[in-house]
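Below are the chains, spelled out letter by letter.
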Amino acid sequence: MTNTDIKQLCGLLHEQVQAALPELETVIGWTQGYDLLHTTPVFVRDANSISKLIWNPFCSQNLTGYLVKTPAVQATDKAKKIGVCVKGCDSRSLVALIQEKFVSRDSLYILGFPCHGVIDWHRVMLKVPATGIQAATVEDGQLILEHNGGLQRLELADVLARKCLRCVYPNPVIHDTLIGKVATPLVTVENAYRDVEGLEQQSLAERLDFWRSELDRCMRCYACRNACPLCVCQERCIAETREPKWLTQYMSISEKYLFHFIHALHLAGRCTECGECERVCPMEIPVTLMKEELSKIIRELLGYEAGVNLEAVPPLLTFSPDETSI
Amino acid sequence: MTKANSGSVSTANQGIKIVGFLCNWCSYGGADTAGVCRFKQPTDLRIIRIPCTGRMDPLFAAKALIYGADGVLVSGCHPRDCHYSVGNFYARRRLEVLKHFLPFMGIEPRRFHYTWVSASEGQRWQQVVTEFSEQIQQLGLNPGVRNPGPGIELEGLLNRG
Amino acid sequence: MTGKVYIAQPDLEKVLSKLAGNMDVWVPAAPANGKWGVEFMPYHSGLAPILNRRSSLPPKKVLLPQMEALLRFEYQKDPQDPSKVTLRLDDPTADSLTSRPVLVFGARPCDTRGFLTLDRTFTNGPYVDAYYRKRRENTFFATLVCGEADSACFCSSVGSGPADMEGSDLRLIPVEDGYVLETLTERAAFILDSLESLALPPTEIQEAAAKQINDEISSQPASGFPPGTVEAFRGRFENLGYWQEAVEQCLSCGVCTYVCPTCYCFTITDEMKNLEGARLRSWDSCMFSHYTSEASGHNPRPTKLERYRNRVGHKFSYIPTNYDGMIGCCGCGRCIRLCPVSIDIRKVVQGLKEETCECA
């Protein structure tokens, strides 16, 4: 995806929003953040703000959470809809939200973007100095940066988010309009679980050591929970209630481990692996791995994939009297 | 760390703690039947009565194992015989998923077992408890997922030797 | 008394080990392989300090641990008469706090400056926090003069700067192939003295290089927030439309407060098991929804709008008002870098005097 492609797509995006705006109360999209490597969500309500909307490989945030988290972005005028920009992974979150009736399909105008991957800022920082980045473009499988030290080219495989390297659904599975050419998935669903398979091959003790050392860095800031579009309990989250008290305020590994166990299990069969939890973690803990493993287990046991079929019911919220594989 | 585990199956003086979640109607009744018939069983099981295995949140089992319970046993009505019709159908899915997830997180899955025992199956209950207790004996004490926290010893707080 | 030493890069770990013989030394280091984030941790032999990039977490936990036991208690029942219960209290301040001095080595001015706010809160005024004060009296800062700002840094805008040594006991200047370390306060004189044979005075060239670097960095222009921010905040308080725009992206996650060097809010909880327990003080966050939740169920800051407004107000209006104009923010930029949705507090504060908030 070159600079020209991006300009063209942004132009298309603005046109489409311009055309649809009379029926929309708000459009949730991305806009330029504090530097070239970051975007920030924007809420467009009038024609003058449309030019703020952008689309590029740095648009990492999953915007669907704003539709359900208090205060949810909902149309006060029932005749109008809410526009939301989604990549392939984000669109699956939308399907999951619609399945569980947190948001209705009719209230949404979905702008879908076939995606070639988003850049993981931490991985870029490991390779370049953090200062004076004047230009950042993606071209021919590389991220090209101009900074104080000159021009630097980085292979995309080295700087894309981990979730992008295992992406099966780069194209939105649900949309009202599609902006950009259809993208080819990088992997098939059978190969999408290589990261957790790597862990599965280790011994039990090695896996425990892995999780104990990774999760010990956890600060229980709950960024992962708040960034997750499906975590709607919010102020009633059992991680923080004192009645019943699941977790103490001790900063010991048992509390941190249990918190992540709770989070993962509450998402079992619902998580669409959008990867936000891992992206937002300030300690860079690979927390999506736990949810990936649960998705893999549920796929193998119950033949279910989250966030793909609008009519489906998440498998742990239902049952079948005749289980074939349990 | 785990105390010496020589493979001995004697339950004397090992002090293992197995937590049992039994549904009120079938399994609790089954355990009661076993008691009435005076079937001998190892005494390591501590029973918690729940109305139905559908009440069973897999996190109950996870939390017990994380905090150092040596084993967790869940028992309910046979599928299609649930007192509330469908509770154990939900449980079957959730507990099977948990069983597969535990080893990924580094917890020994053999410390967790779920089964179906009806109210009249006193002998089967004796068998379930005996076999599971022996299995836990072989696995030894469970250190749980705990390390001595910085400056705060969780050990003392949780009364574990 | 040794005022200045030169530490060659290859000797850094030797020097730190020597210091660690007499005191607890905290250095920035990578907590795990392959991660970008650098954290402050206790130095031990073999740990490679990382001084050429900013840490993702500040050294706040050295003086304000994320969790500490204020006291421990146990209910003791008389075995002859179990209805008679006595309460035994243990006060950990007496013994468990370290008696060794603590040296925070390699923090930047934006990290150290955070403690100026914490000091005012915990040790000035009629109620002194004994736990904090005991740690503070025992802690020394060797602060690194900071080479380069990134896109989120703004220390010069809040009354500080990349060479600001306020609150620091030693100054660490990176020069070619090493560092020049210089004592700034009398209370810290013993630190360089303890290096003994490792305390090599810098050559004239090294001293001159260090001075030049320090002068260059100190003379960088400050770009302050517009004057009158305190009043502008008060004027904007009721303008809900302004705050609505500023906060719409916020997830109320709390990361900004946890990584902030000047944030110090805490909660106190009793954690009990059977008959014994501890009263813990642990970090809280004004961004959490239950932060101001009251026992009646009422919450005076029910939504993220009130909470974020409070955060900005606290740092840029209430603290300057109460603490002689000192801004309660050290411009480190962590809240910007680590915010999941990249909210830029600079824009929010700058916009206080403008018509609308150009926050997104």
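Residues numbered from 1 in each chain as written. Chains lettered and ligands numbered in written order. Predicted model: local features only at pLDDT ≥ 70, side-chain atom pairs only at ≥ 80, totals over all residues. Heavy atoms only, no water.

1. Some remarks on the overall build of chain B
The number of helices and strands found in chain B is five helices and four strands. Along chain B, helices (α) and strands (β) appear in the sequence β-α-β-α-β-α-β-α-α when read from the amino end. Here chain B, with 161 residues, has 55% of them falling under the buried criterion. Sequence-distant contacts, at least 24 apart, represent 80% of the contacts inside chain B between residues at least 6 apart. (Helix = DSSP H or I, 4+ residues; strand = E, 2+ residues; numbered from the N terminus. Buried < 20%, exposed > 50% of the residue type's maximum accessible area, 1.4 Å probe, protein only. Contact = heavy atoms within 4.5 Å.)

2. A look at the nonpolar core
Within the largest apolar cluster, 98 residues are counted, with the highest numbers of intra-cluster contacts made by Trp211, Tyr257 and Phe261 of chain A together with Phe101, Met105 and Phe112 of chain B. With eight residues, the single largest contributor to this core is helix H9 (residues 253-266) of chain A. A domain split of this core shows at least three residues from each of domain 1 (1-66 + 92-223) and domain 2 (225-360) of chain C. Among the nonpolar cores identified, the runner-up in size contains 96 residues, and Val27 and Leu97 of chain A together with Cys286 and Ile345 of chain C belong to it. (Core = buried A, V, L, I, M, F, W, Y, C linked by side-chain atoms within 4.5 Å. Domains from an automatic or database assignment.)

3. Focus: the confidence of the model for chain B
When pLDDT is averaged along chain B, the result is 85; 82% of the residues meet or exceed 70. Overall, residues 148-161 of chain B carries pLDDT values under 50, and its contacts beyond four positions in sequence, including any with other chains, amount to 27 contacts. (pLDDT = per-residue confidence, 0-100.)

4. Here we look at the pairing of strand E2 (residues 39-44) of chain A
All names here are of chain A. Within E2, six of the six residues are buried, which leaves it mostly tucked inside the rest of the structure. Alternating residues of E2 divide into Thr39, Pro41 and Phe43 and Thr40, Val42 and Val44, and every residue in both groups is buried. With six bridges joining them, strand E1 (residues 24-32) and E2 adopt antiparallel strand pairing. Its bridge partner being in E2, Thr31 is matched across the sheet by Thr40. (Pairing = 2+ DSSP bridges.)

5. Examining the sheet that holds strand E7 (residues 150-155) of chain A
Residue and element names in this part refer to chain A. Strands sit in the order E5-E6-E7 across an open sheet of three strands; the sheet is antiparallel. This sheet does not close on itself; its edge strands, each paired only once, are strand E5 (135-139) and E7. With direction set aside, neighbouring strand axes in the sheet form an average angle of 20 degrees. Alignment of E5 against strand E6 (residues 142-147), held across five bridges, turns out to be antiparallel. Within the sheet, the bridge partner assigned to Ala135 lies in E6 and is Glu146. (Axes fitted to C-alpha atoms, helices over the stretch in contact; angles between N-to-C directions.)

6. So, the side chain of Ser282 of chain C
Within the secondary structure, Ser282 of chain C is located in strand E11 (residues 276-283). Separated by 2.7 Å, the side chains of Ser282 of chain C and Gln249 of chain A make a polar contact. Among residues more than four places away in sequence, those in contact with Ser282 of chain C are Gln249 of chain A together with Gln66, Met67, Phe266 and Thr267 of chain C. (Polar contact = N/O pair within 3.5 Å; in protein donor to acceptor, adjacent residues only side chain to side chain.)

7. So, the sheet that holds strand E1 (residues 18-23) of chain B
Residue and element names in this part refer to chain B. Taken in spatial order, the four strands of this open sheet run E2-E1-E3-E4, and their pairing is parallel. Bordering the open sheet on either side are strand E2 (45-50) and strand E4 (112-116), each of which pairs with just one other strand. When the angles between neighbouring strand axes are averaged without regard to direction, this sheet yields 20 degrees. Sheet topology note: the E1/strand E3 (residues 71-76) ladder contains five bridges and is parallel. Looking at the pairing, Phe21 lines up with Val74 of E3. Running at roughly 160 degrees to E3, helix H4 (residues 122-139) makes contact with E1, E2, E3 and E4 of the sheet.

8. What to know about helix H1 (residues 27-36) of chain B
Residues and elements named next belong to chain B. Within H1, burial applies to Ser27, Gly29, Gly30, Ala31 and Ala34. Buried residues along H1 sit against E1, E2, E3 and H4. Note on H1: the residue one or two positions beyond its end, Arg38, has a positive phi of about 60 degrees.

9. Quick notes on the environment of Ala75 of chain A
Residues and elements named next belong to chain A. Relative to the helices and strands, Ala75 is located in the loop between E2 and strand E3 (81-86). Residue Ala75 is classed as buried on the basis of its relative accessible area of 12%. Spatially, the C-alpha atom of Ala75 lies 7.6 Å from that of Thr26, the residues being 49 residues apart in sequence. The residues touching Ala75, leaving out its near neighbours within four places in the chain, are Glu25, Lys80 and Ile82.

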